[in-house]
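So you can see what is in the structure, the chains are spelled out below.
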Amino acid sequence: MEVLEVIKMGNPRLREVCAVVSEAEIKTNQFQRFIDNMIATQRAENGAGIAASQVNILQRVFTMEMEENPRYPNKETFPLYVAINPIIKPISNTIVDSWEGCLSIPGIRGQLPRFKSIKLSALDRYAKPYEIELDGFAAIVAQHELDHLNGILLIDRIEDMQTLTFQKEYEKYWM
Ligand code: ZN
């Protein structure tokens, strides 16, 4: 497995809409290696999730996982999900204020609205369809990663720009 380079805000590739992945391509060794590398990169960077566009591949796939993570102390854990061609639908209209960071915007946090509960429909890494209901932090991470596949960054969704903060100031004034 290989840790891939994470591209940063300002790189125009992060603003592109990613392409649907075909079932035939998912089953190739090359794509399977890519999934392994995304998981390795997410873990090496202590990310809660990572989207393919963040490693400069414009395909609709993200991974997410939350075990013990120094970037997110006291967060609920969730298992590893690989989501290919994902679709997200809110389960309820409840909106939560979400403090988010991003591996492509290092050292920055901001607060934005997200749906509290969602249904994620996607293909797994073997091209098998699945549906799962997610709540709380896992639901937020899935929405954040899906945004990446549509060229949207967390800063686009911040409603009160006074919450756009550096990590240290977030810890000092907002946590
Ligand atoms: Zn991100």
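Now for a look at the structure at hand. Keep in mind the model is a prediction, meaning the values are calculated, not measured.

**Some details on empty space enclosed by the protein**
Following the criterion strictly, the structure yields one cavity of 30 Å³ or more and no others. By volume, the largest cavity amounts to about 150 Å³. Every residue lining the largest cavity is counted, 17 residues in all, and those nearest its centre are Ala 48, Tyr 72, Gly 101, His 144 and Glu 145. Secondary structure elements with two or more residues in the lining of the largest cavity: strand E4 (95-100) and helix H3 (137-149). Among the residues making up the lining of the largest cavity, the classes are represented as eight nonpolar, six polar and three charged.

**Examining the coordination of the zinc ion**
Distances from the zinc ion to its protein donors, namely Cys 102 (SG), His 144 (NE2) and His 148 (NE2), fall within the range 2.0 to 2.3 Å. Within one chain, the residues serving as donors to the zinc ion are arranged as C-x41-H-x3-H. In this pair, Cys 102 is assigned in the loop between E4 and strand E5 (108-115) and His 148 in helix H3, connecting sequence segments 46 residues apart. His 148 gets classed as buried once you look at its relative accessible area, which sits at 1%.

**Re the nonpolar core**
Formed by 24 residues in total, the largest nonpolar core has its most connected members in Phe 62, Met 64, Phe 78, Leu 120 and Leu 134. When contributions to this core are tallied by element, the ones reaching two or more residues are strand E2 (61-66), strand E3 (78-90), strand E6 (117-123), strand E7 (129-135) and H3. By residue number, the principal contributor to this core is H3, which donates seven residues.

**A closer look at the packing of aromatic side chains**
For any pair of aromatic rings, the description consists of the separation of the ring centres together with the inter-plane angle of the planes. Within the structure shown, the criterion is met by four aromatic pairs. Ring pairs connect the aromatic residues Trp 99, Tyr 170 and Trp 174, which therefore count as one cluster.

**Some details on the sheet that holds strand E8 (residues 165-166)**
In spatial order, the strands read E4-E5-E8; together these three strands make up an open sheet with antiparallel pairing. Unpaired on one side and paired on the other, E4 and E8 mark the two borders of the sheet. Two strands pair when backbone bridges link them, and E5 and E8 are joined in this way by two bridges, in the antiparallel orientation. Bridge pairing in E8 links Ile 108 to Phe 166.

**Description of the sheet that holds E2**
What the five strands build is an open sheet, ordered E1-E2-E3-E6-E7; its pairing is antiparallel. With partners counted over all chains shown, the strands left at the sheet margins are strand E1 (49-51) and E7, one partner each. For this sheet, the mean angle separating the axes of adjacent strands, direction not counted, is 40°. In this structure, E2 lies alongside E3, joined through five bridges in antiparallel fashion. Among the inter-strand pairings, Val 61 is bridged to a residue of E3, identified as Ile 84. Against the sheet, helix H2 (residues 29-44) makes contact with E1, E2 and E3, and its axis sits at roughly 40° relative to E2, the strand it touches most. Here H3 sits on the sheet in contact with E1, E2, E3, E6 and E7, set at roughly 155° to E2.

**Structural notes on the side chain of Arg 114**
Mapping Arg 114 onto the fold places it in strand E5. A polar contact is formed between the side chain of Arg 114 and the side chain of Glu 100, at a distance of 2.8 Å. Once residues within four sequence positions are removed from consideration, Arg 114 is found in contact with Thr 94, Ile 95, Val 96, Ser 98, Glu 100, Ile 140, Gln 143, His 144, Asp 147 and Arg 157.

**Details of the state of the cysteines**
Summed over all chains, the structure comprises zero disulfides. Between Cys 18, a cysteine without a disulfide, and Cys 102, which holds the nearest cysteine sulfur, the sulfur-to-sulfur distance is 13 Å.

**Observations regarding the pattern of salt bridges**
Under the defined criterion, the tally for this structure stands at nine salt bridges. Between Glu 65 and Arg 43 there is a salt bridge, with the nearest N and O atoms lying 2.8 Å from each other. Here the residue Glu 65 occupies a position in strand E2, and Arg 43 occupies one in helix H2, the gap between them amounting to 22 residues. The exposure class assigned to Arg 43 is partly exposed, which follows from its relative accessible area of 45%. Between Lys 116 and Asp 135 there is a salt bridge, with the nearest N and O atoms lying 3.0 Å from each other. Taken together, the residues Lys 116 in the loop between E5 and E6 and Asp 135 in strand E7 connect sequence positions 19 residues apart. Taking the relative accessible area as the measure of exposure, Asp 135 reaches 42% and is therefore partly exposed. Look at the salt bridges and you will find they share partners, linking Glu 100, Arg 114, Asp 147 and Arg 157 into a network.

What counts, and at which threshold
- Residues numbered from 1 in each chain as written.
- Predicted model: local features only at pLDDT ≥ 70, side-chain atom pairs only at ≥ 80, totals over all residues.
- Heavy atoms only, no water.
- 1 Å grid on protein atoms, 1.4 Å probe; cavity = no way out; pocket = protein on both sides within 12 Å on 5 of 7 lines; lining within 4 Å.
- Points joined across faces, edges and corners; volume = space filled by probe spheres on them.
- Helix = DSSP H or I, 4+ residues; strand = E, 2+ residues; numbered from the N terminus.
- Nonpolar A, V, L, I, M, F, W, Y, C, P; charged D, E, K, R; others polar.
- Donors = N, O, S within 2.8 Å, 3.2 Å for Na, K, Ca; no water.
- Buried < 20%, exposed > 50% of the residue type's maximum accessible area, 1.4 Å probe, protein only.
- Core = buried A, V, L, I, M, F, W, Y, C linked by side-chain atoms within 4.5 Å.
- Phe/Tyr/Trp six-rings, centres within 6.5 Å; stacked < 30°, edge-to-face > 60°.
- Pairing = 2+ DSSP bridges.
- Axes fitted to C-alpha atoms, helices over the stretch in contact; angles between N-to-C directions.
- Contact = heavy atoms within 4.5 Å.
- Polar contact = N/O pair within 3.5 Å; in protein donor to acceptor, adjacent residues only side chain to side chain.
- Disulfide = S-S within 2.5 Å.
- Salt bridge = Lys/Arg side-chain N within 4 Å of Asp/Glu carboxyl O.

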